[in-house]
Amino acid sequence: MSIVAKRLSAVKPSPTMAITAKAKELKAAGVDVISLSIGEPDFSTPQHIVDACKKALDNGDTKYTAGPGTIEFRKAICEKFKRENNLTYTPDQVIVTCGGKGALYALITATVDPEDEVIIPSPYWVSYPDMVRMNGGTPVFVTGPEENGFKVTAENLEKAITPKTKWFIINSPSNPSGAAYSKEELRALGEVLMKHPHVWVMSDEIYENIVYDGFKNYSIASVCPEIFDRCVTVNGLAKSFSMTGWRIGFAAGPVDVIKAANKVQSQSVSHATTFCQAAGITALTSSMDFLAERNDTFKKRRDLVIDRLNKIPGISCRTPQGAFYLYPSIEKCIGKTTASGKKITSDTDFATFLLEDFAVAVVPGAAFGLSPYMRLSYATSTEALIKACDRIEEFCKGLK
């Protein structure tokens, strides 16, 4: 008899991490791999934030702290939500976690019971459904079709709600598609949710500051104040501040839900790293002028890669409003055979053979619940992106 818990049988390892690991293996073996598989800005953490962390360490800020986070950081988070999102919270409505993923996991663990349903738009970030499954819940997928910019409609959402629905998870801007919901689209979804008072909203806004072409990001809890008391807003420092390895996330919502999430955290990781929270205060209270230049760089990379991809036979790619991912269709490549004689029967095959034959790592759409697509990240150098596009073009031109 296996010692492994039965509930883990429904959980798969992160596909993005698996692709990244395979790419690293090939690199270690001397292969010139270009990895477009991981969602991590290639910029450094701004120096003033690093300096704040160093100062905290020098000041001995290395001890245990309150489970939900330091009061100073939670106050800074409340100020951020008010200033940037028009959301009013008090520190007891905020929890600081080990990354945005830590917030999502603690919230789902604290609230989802067996047989509860959680509505998840697809394509989705890979961890949402498995977090739900690990806690005995049932993920219910609602497709955001490409023709609607990979976004779900109010009508789609209405049809998916049942008496068992507990949460609706929305991620805008989105990983993997970069799709972002307009104020009007959020309002339409909120009006559906107003009719179903048993359904809560988990809004993952980790990419809120990485937007393009004049797009303005909104929080659904602000756009739809009628459901504010059923909304939990999740965010973190990883993407906007290039602090992926610092593992600082946070969430805000009704006190009882936040207390429940803290109960989970207190019996697992205790609390987020103390001196990283001190740096977080500096991140949230200092100028974010650095973002304009970084977003401009991301936009140039986005436009470069979209232009290249749309000229490659078998690939078509929409222009997303945010994040740093593209989600191109490879439908016309399915059923073809590579120059090395391998038959492509799925987007997983496409990604596998592209890595094996041309040393470019992307993630298949199957990992995100919508095929046949691939996700690639343009959060890497322009030189690497041009090289990757050259290889993808050569790979696709060799298909028969």
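Shown above is the structure to which this text applies.
Residues numbered from 1 in each chain as written. Predicted model: local features only at pLDDT ≥ 70, side-chain atom pairs only at ≥ 80, totals over all residues. Heavy atoms only, no water.

A.B. asks: Any details on the overall build of the chain? Residues and values, ideally.
C.D. replies: When you go through the chain residue by residue, the secondary structure sums to 13 helices and twelve strands. Here the chain has a C-alpha radius of gyration of 21 Å; the compact-globule value for 400 residues is 21 Å, and the two agree. Its C-alpha atoms give the chain principal-axis dimensions of about 60 × 55 × 55 Å. Taken across its 400 residues, the chain has 55% of its residues classed as buried. Restricting the contact set of the chain to residue pairs at least 6 apart, pairs at least 24 apart contribute 73%. (Helix = DSSP H or I, 4+ residues; strand = E, 2+ residues; numbered from the N terminus. Rg over C-alpha atoms; globule rule 2.2 N^0.38 Å. Buried < 20%, exposed > 50% of the residue type's maximum accessible area, 1.4 Å probe, protein only. Contact = heavy atoms within 4.5 Å.)

A.B. asks: Describe in detail the sheet that holds strand S4 (residues 138-143), supporting the description with residues and values.
C.D. replies: The seven strands lie next to each other as S2-S8-S7-S6-S5-S3-S4, forming an open sheet whose pairing is mixed. Looking along the sheet, the strands with just one partner apiece sit at the ends: strand S2 (94-97) and S4. With direction set aside, neighbouring strand axes in the sheet form an average angle of 20 degrees. Alignment of strand S3 (residues 117-122) against strand S5 (residues 165-171), held across three bridges, turns out to be parallel. For Glu117, the partnering residue across the bridge sits in S5 and is Thr165. (Pairing = 2+ DSSP bridges. Axes fitted to C-alpha atoms, helices over the stretch in contact; angles between N-to-C directions.)

A.B. asks: Quick one: what's the story with the pattern of salt bridges, residue by residue and with numbers?
C.D. replies: Pairs can form between side chains of opposite charge whenever their charged atoms are close. In this structure the tally under the stated criterion is 25 salt bridges. Salt-bridge contacts for Lys166 lead to Asp116; the nearest nitrogen and oxygen are separated by 2.9 Å. Here Lys166 is found in strand S5, whereas its partner Asp116 is found in the loop between helix H4 (99-111) and S3, with 50 residues between them in sequence. For Lys166, a relative accessible area of 22% puts it in the partly exposed group. The class for Asp116 is buried, based on a relative accessible area of 13%. (Salt bridge = Lys/Arg side-chain N within 4 Å of Asp/Glu carboxyl O.)

A.B. asks: Break down the nonpolar core for me, citing the residues and quoting the values.
C.D. replies: With 46 residues, the main nonpolar core has Phe168, Leu193 and Leu237 as its most contacted residues. Looking at this core, the element that brings in the most residues is helix H3 (residues 71-85), giving five residues. If sequence neighbours within four positions are ignored, Leu237 has contacts with Phe73, Ile206, Ser242, Met243, Ile248, Phe250, Gly280, Ala283 and Leu284. Listed in part, the 38 residues of the second largest apolar core include Leu36, Cys333, Leu385 and Ala388. (Core = buried A, V, L, I, M, F, W, Y, C linked by side-chain atoms within 4.5 Å.)

A.B. asks: Any chance you could break down the pairing of strand S7 (residues 231-236) for me, citing the residues and the numbers?
C.D. replies: Of all six residues in S7, six are buried; the element is thus mostly enclosed. Alternating residues of S7 divide into Cys231, Thr233 and Asn235 and Val232, Val234 and Gly236, and every residue in both groups is buried. Relative to S7, strand S6 (residues 200-204) runs parallel, the two being bridged by four bridges. Directly across from Ser203, in S7, lies its bridge partner Thr233. Sheet topology places S7 next to strand S8 (residues 249-252); four bridges connect them, and they run antiparallel. Its bridge partner being in S8, Val234 is matched across the sheet by Ala251.

A.B. asks: Give a description of helix H7 (residues 183-194) that names residues and reports values.
C.D. replies: For H7, built from twelve residues, the straight-helix expectation of 16 Å at 1.5 Å per residue is met to within 8% by its first-to-last C-alpha distance of 16 Å. Every buried residue of H7 is accounted for by Leu186, Leu189, Gly190, Val192 and Leu193. Down the axis, H7 shows its buried residues gathered within 155 degrees of arc, on one side only. Against helix H6 (154-160), S5, S6 and helix H8 (220-223) lie the buried residues of H7. (Expected span 1.5 Å × (residues − 1). Arc of directions from axis to C-beta.)

A.B. asks: So what about the sheet that holds strand S12 (residues 374-377)? Which residues, and what values?
C.D. replies: If you walk across this open sheet you meet the three strands as S9-S12-S11, and the pairing is antiparallel. Both edges of this open sheet fall to strand S9 (325-326) and strand S11 (363-364), since each of them pairs with a single strand only. Across two bridges, S9 lies against S12 in antiparallel orientation. Residue pairing across strands places Leu326 opposite Leu376, the latter belonging to S12.

A.B. asks: Which residues make up the packing of aromatic side chains, and what values go with them?
C.D. replies: Describing an aromatic ring pair means giving the distance of the ring centres and the angle of the ring planes. Counted by the stated rule, this structure contains 20 aromatic pairs. Where Phe43 meets Phe298, the ring centres are 5.3 Å apart and the plane angle is 70 degrees; that geometry is what we call edge-to-face. With a gap of 255 residues between them, Phe43 in the loop between strand S1 (34-35) and helix H2 (47-58) and Phe298 in helix H11 (residues 290-309) connect regions that are remote in the sequence. Note on Phe298: relative accessible area 2%, which makes it buried. (Phe/Tyr/Trp six-rings, centres within 6.5 Å; stacked < 30°, edge-to-face > 60°.)

A.B. asks: Break down helix H10 (residues 274-285) for me, with residues and values.
C.D. replies: Because the α-helix completes a turn every 3.6 residues, residues three or four places apart line up on one side. A rise of 1.5 Å per residue sets the reference length of H10, with its twelve residues, at 16 Å; its end C-alpha atoms lie 17 Å apart and thus fit the reference within 8%. Along H10, the residues that are buried comprise Thr274, Cys276, Gln277, Ala278, Ala279, Gly280, Ala283 and Leu284.

A.B. asks: If you had to explain the environment of Ile38 to someone new, which residues and values would you point to?
C.D. replies: Here Ile38 is to be found in the loop between S1 and H2. Taking the C-alpha atoms as reference points, Ile38 and Asp390, separated by 352 residues in sequence, lie 20 Å from one another. When near neighbours in sequence (up to four residues on either side) are disregarded, Ile38 contacts Thr20, Arg375 and Ser377.

A.B. asks: Help me get a handle on the side chain of Gln277, residues and values and all.
C.D. replies: On the secondary structure map, Gln277 appears in helix H10. Look past the residues within four positions of Gln277 in its chain and what remains in contact with it is Thr65, Gly69, Thr70, Phe73, Val96, Ile248, His271 and Ala272.

Bear in mind that shape data such as this cannot, by itself, settle questions of function.
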